[in-house]
Amino acid sequence: MTDAPTKTLSLEEVKALAKSVLVSAGMDERGSDILADLVMRSERDDPRSHGLRMLPVYAQSFESKYANPTANPTVERIAPGVLRGDGDNGYYQIVGADARDELIGMARENGIASFTCANCHHLGALRFDTEPLAQAGLVALGVVNSLSMVVPQGGLRPVFGTNPMSFACPRQEAEPVVWDQASSVAALMDVRMAAAEGHDLARPSGLDTSGQPTTDPNAILETRSLLPFGEHKGAAIAFLIEVLGAALAGGTLSVDNKERESFGALNIKGGATLIAIDPSRFGNPAFNDYVTRICAEIEGNGTARVPGDGRLKNRAATEANGVSVAPDLMAQLQAL
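The rules behind the values
- Residues numbered from 1 in each chain as written.
- Predicted model: local features only at pLDDT ≥ 70, side-chain atom pairs only at ≥ 80, totals over all residues.
- Heavy atoms only, no water.
- Helix = DSSP H or I, 4+ residues; strand = E, 2+ residues; numbered from the N terminus.
- Rg over C-alpha atoms; globule rule 2.2 N^0.38 Å.
- Contact = heavy atoms within 4.5 Å.
- Lys, Arg positive; Asp, Glu negative; His and termini not counted.
- Charge placed at Lys NZ, Arg CZ, Asp CG, Glu CD.
- Buried < 20%, exposed > 50% of the residue type's maximum accessible area, 1.4 Å probe, protein only.
- Polar contact = N/O pair within 3.5 Å; in protein donor to acceptor, adjacent residues only side chain to side chain.
- Expected span 1.5 Å × (residues − 1).
- Arc of directions from axis to C-beta.

(A) Quick peek at the overall build of the protein. Each helix and strand in the protein was counted, giving 12 helices and 11 strands. For a compact globule of 336 residues, the expected C-alpha radius of gyration is about 20 Å, and the protein comes in at 20 Å, within 12% of that figure. Over its C-alpha atoms, taken along the principal directions, the protein stretches across nearly 65 × 45 × 45 Å. A separation of at least 24 residues holds for 66% of the contacts in the protein among residues at least 6 apart in sequence. Looking at charge distribution, the protein has the averaged site of its 29 positive side-chain charges lying 1 Å from that of its 41 negative ones.

In C-alpha cells form, the structure reads like this:
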C-alpha cells in the first residue's frame, strides 16, 4: 500500500474547499465567504498555520455550539471616535467587515478612530484586520487577546494568550507595510502544525513537563505553556494587549476558560480593538516620504527586509504554483 500523494490546489480551489467545510459545519453564506477568503489568503501569504489547518477548529466551534455560525452582529457609534461591536457570538471578521467603512470615515473625520468588539471569536491572522485600512491610506494597529497559554517571565502558570498584534501603514507606489506577530515565541497553531508534521520548532518556544524550555511541540502541547518572546519584554506586550483587547472591549480575559472548557473549544471569546489613524490629519505633509525613507534604509541592508514583506514573495510563488496540501490534512478536511 503506497502513501497518498501530496495534492496541489489552486487558490480558488483552496477557497472552495474552505467554504465547503464551513457550510457543512453550519455556517451561513456571508460568514463562510468571509472566513473562506481568509483561509485562502493565509495559504497564499503564510503562515499556513492559519489556513486550511484552522478549518477543523472552526468546524468544532460551530458543531459544539460554542460559536454562532449564523451570527447577526451589531455596530454602534458610542463617541465621535469610537465604534463598539457585538459579534453575536460569531467570528470577529464578520462584524469587522460591517464596521470597516464607518471606521475609515471616522478616522478621516477625526484624525483617529477606534473599533472595539466583544462577544466574538478570532482565530485567523490579524493582519487581515489591519491591511484594508492601510489600503485606504490609514495607519492601523489591531490587537486581540486569546486563550491563556503564555507564562509571564518568572511565572509558573499561563496568564496571557498568545495575544497577537498587527500593524499596517500605506507605502507609496507599493503594497502597504503589514505585519502581525504573537506575543509568544511561537503561535499555538505553529506549534500544532510542527507536531502534525513531525518536526521540532526552530527555537525553545514553551515548557516541557519538568518546566524546562523545549523545542518539542508535543511536549509544549502537553503542558500548554508557551514562552513570551523577548522574556519580560514580550510579557509586557502581552499585558498591553490584554488591556487594549479584553479590558477595553469587555471581552473574556485569557485566564477565564470555564465556558471554553465546557465546549472543548480551542479559543476564548476575547476582546478585539482596532485603531485607525489618518496620517494626513496629523500635520506632517511629508508622512509618505518618511515611510519611503524608512523602508529604503532597510532594503539592501544586508539580508534585512521591511517587516511583513516576506509575505509578498510567498504570495507571488503561491499564485504561480498553487498550494501543496499534505495527504493527512486533505483526508481530514474531506471527512468534515
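From this point on, the discussion continues.
(B) Structural detail: the side chain of serine 225. Looking at the element boundaries, serine 225 is found in the loop between helix H7 (217-223) and helix H8 (232-249). Classification of serine 225 by relative accessible area gives buried; the value is 8%. Here the side chain of serine 225 touches threonine 223 through a polar contact of 3.1 Å, landing on its backbone oxygen. Setting aside anything within four residues of it in sequence, one finds serine 225 in contact with Met149, Val151, Pro158, Gly206, Leu207 and Ile220.

(C) Here's a closer look at helix H10 (residues 287-298). A rise of 1.5 Å per residue sets the reference length of H10, with its 12 residues, at 16 Å; its end C-alpha atoms lie 17 Å apart and thus fit the reference within 8%. Backbone geometry just after H10 places glycine 300 at a positive phi near 80°.

(D) The arrangement of helix H12 (residues 327-335) in detail. Taken residue by residue, H12 has Leu329, Met330 and Leu333 as its buried positions. On an axial view of H12, the arc spanned by its buried residues comes to 100°, and they lie on one face. Residues of H12 that are buried in the fold lie against strand E1 (7-9), helix H1 (11-24), helix H3 (55-63) and strand E11 (323-325).

These figures come from the coordinates and say nothing about function on their own.
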